[in-house]
Every structure is written in C-alpha cells, then in structure tokens.
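# Structural overview for review
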Amino acid sequence: EKYIEAFVKAGASSVSVHAEVCNDIPAMARRLRELGARASIAINPETDVARVLPFAEHLDMILIMSVHPGFGGQEFIPDALGKLRVLRGDLDRRVLKVDIQIDGGVKLENIGAVKAAGANVFVSGSGIFGTPNYRKTIAAMRQAAEQAHGAAADPVPTP
C-alpha cells in the first residue's frame, strides 16, 4: 500500500495490492482512483476468495494468484479454478463490472478452463516465453479462450 503513489508516478495505470497485507481495501482503492489508476486486489493461493468479496464494488479488478508469488515457471494450482467460479458467480449475481485476472502457470493447455471458470484478464510468462514462437502461442491461446467461452476473449488492457 505504501508504494502505490510511487508506482502511479512511475507510470502504472493499474496497481494490484495483496489482500493479505492490505489494511483497508476500500481506502486503498479510493486512493488509487484519486491518483488516476485502476484499483486491484490480489489474493494468494491459500487465501479464500471470501476475503475480497465484500469489497468488490470498490475495485476495478481482482487478481487470483494461481501460483505462489515470487518466481516464474511454477505449475498452475488447480484450486484457482474454483476461486474463479465463485468470484465470477458473485460478481455476475451482483451485476458488478470487475475484471478477474489470473496469474501463474497460465498456458495453452489450461487457458480454456481458466476462461470458462470466469477469468477475463490473463497473465502468462513462461506459457508464452517458454515457447519457440510467441506470436503463434498467443494466437493459439486467444483461440482456446474464445472457444471455451463461446465468444471473443476480452482484450487485455495495455498501459
């Protein structure tokens, strides 16, 4: 939380703060918006999605970590799919337009399941950069996401 102003000043248009260390989610979101940035909260694999549901209306995005933060190349933790379903169901029931981002172990082999479970913003590091043709991999990932949901994959906003 104490670094959000520095991140926005450095050019970030969206900042995610981990729920596990955020003392006041609505205040954090309000401050980010005052600074002109999108407000996002992230939850680690062990954190129950219920931790952030009461604050969803204050947020622009909720990030589900599907690996433990810290280093790339980890395997996707399948429990993240359940969190995505719960979160998407809650947001849809409350008619809240909040992006759901997934980060960690997202690859061609699982992006369809991730999209079907409710994510609309995808972070993939080694799932792309660990392949010989980035463009081909990204195109295949987009196609898999589109097919899983029956509609075009939501574009990922760029800063």
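On a predicted model such as this, the values are computed, not experimentally measured, just so you know.

This next bit is on the environment of Gly118. Relative to the elements of secondary structure, Gly118 occurs in the loop between helix H4 (111-117) and strand E5 (121-123). Residue class for Gly118 comes out buried when judged on its relative accessible area of 8%. Here the alpha-carbon distance between Gly118 and Arg88, two residues 30 residues apart in the chain, equals 5.2 Å. Here Gly118 is in contact with Arg88 and Ile100, once residues within four sequence places are set aside.

Here five strands make up an open sheet; going across it, the order is E1-E2-E3-E4-E5 and the pairing parallel. The strands lining the two open edges of the sheet, one partner per strand, are strand E1 (14-18) and E5. Direction aside, the axes of adjacent strands within the sheet are offset by 25° on average. The sheet contact formed by E1 and strand E2 (residues 38-43) spans five bridges and is parallel. Looking at E2, one finds that Val17 is bridged to Ile41. Helix H2 (residues 25-34) rests against E1 and E2 of the sheet, and its axis sits at about 145° to E2. Packed onto the sheet, helix H3 (residues 79-93) meets E2, strand E3 (61-65) and strand E4 (99-103) and runs at close to 175° relative to E4.

Moving on, we get to the side chain of Asp99. Positionally, Asp99 belongs in strand E4. Relative accessible area serves as the criterion here: at 18%, Asp99 is assigned to the buried category. Those residues in contact with Asp99 that lie beyond four places of it in its chain are Arg38, Asp60, Met61, Ile62, Asn120 and Val121.

What follows deals with the nonpolar core. In this structure, Ile41, Ile62, Ile64, Leu84 and Ile102 are the most contacted members of the largest nonpolar core, which totals 40 residues. At five residues, H3 tops the list of elements feeding residues into this core. In this structure Ile102 touches Leu63, Ile64, Ser66, Phe76, Ala80, Leu84, Val114, Ala119, Val121, Phe122 and Val123, once residues within four positions along its chain are discounted.

Among the residues of H2, those classed as buried are Ile25, Pro26, Met28, Ala29 and Leu32. Each buried residue of H2 sits inside an arc of 160° when the element is viewed along its axis, so together they form one side. Where H2 is buried, its residues contact helix H1 (4-9), E1 and E2. In this structure Asp24 caps H2, since a side-chain oxygen of it lies 3.1 Å from the backbone nitrogen of Ala27. Within two residues after H2, Gly36 carries a phi angle of roughly 90°, on the positive side.

A few words now on the environment of Lys115. With respect to the secondary-structure elements, Lys115 resides in helix H4. Expressed as a C-alpha distance, the spacing of Lys115 and Ile100, which sit 15 residues apart in the sequence, is 9.8 Å.

On average, residues of the protein carry a pLDDT of 92, and 93% of them reach 70 or more. Within the protein, the element-level pLDDT minimum falls on helix H6 (residues 134-149), averaging 93, and the maximum on E3, averaging 98. Low confidence marks residues 151-159, where pLDDT is under 50. Its contacts with residues over four positions away, or in another chain, come to 12 contacts.

Definitions and cut-offs
Residues numbered from 1 in each chain as written. Predicted model: local features only at pLDDT ≥ 70, side-chain atom pairs only at ≥ 80, totals over all residues. Heavy atoms only, no water. Helix = DSSP H or I, 4+ residues; strand = E, 2+ residues; numbered from the N terminus. Buried < 20%, exposed > 50% of the residue type's maximum accessible area, 1.4 Å probe, protein only. Contact = heavy atoms within 4.5 Å. Pairing = 2+ DSSP bridges. Axes fitted to C-alpha atoms, helices over the stretch in contact; angles between N-to-C directions. Core = buried A, V, L, I, M, F, W, Y, C linked by side-chain atoms within 4.5 Å. Arc of directions from axis to C-beta. Polar contact = N/O pair within 3.5 Å; in protein donor to acceptor, adjacent residues only side chain to side chain. pLDDT = per-residue confidence, 0-100.

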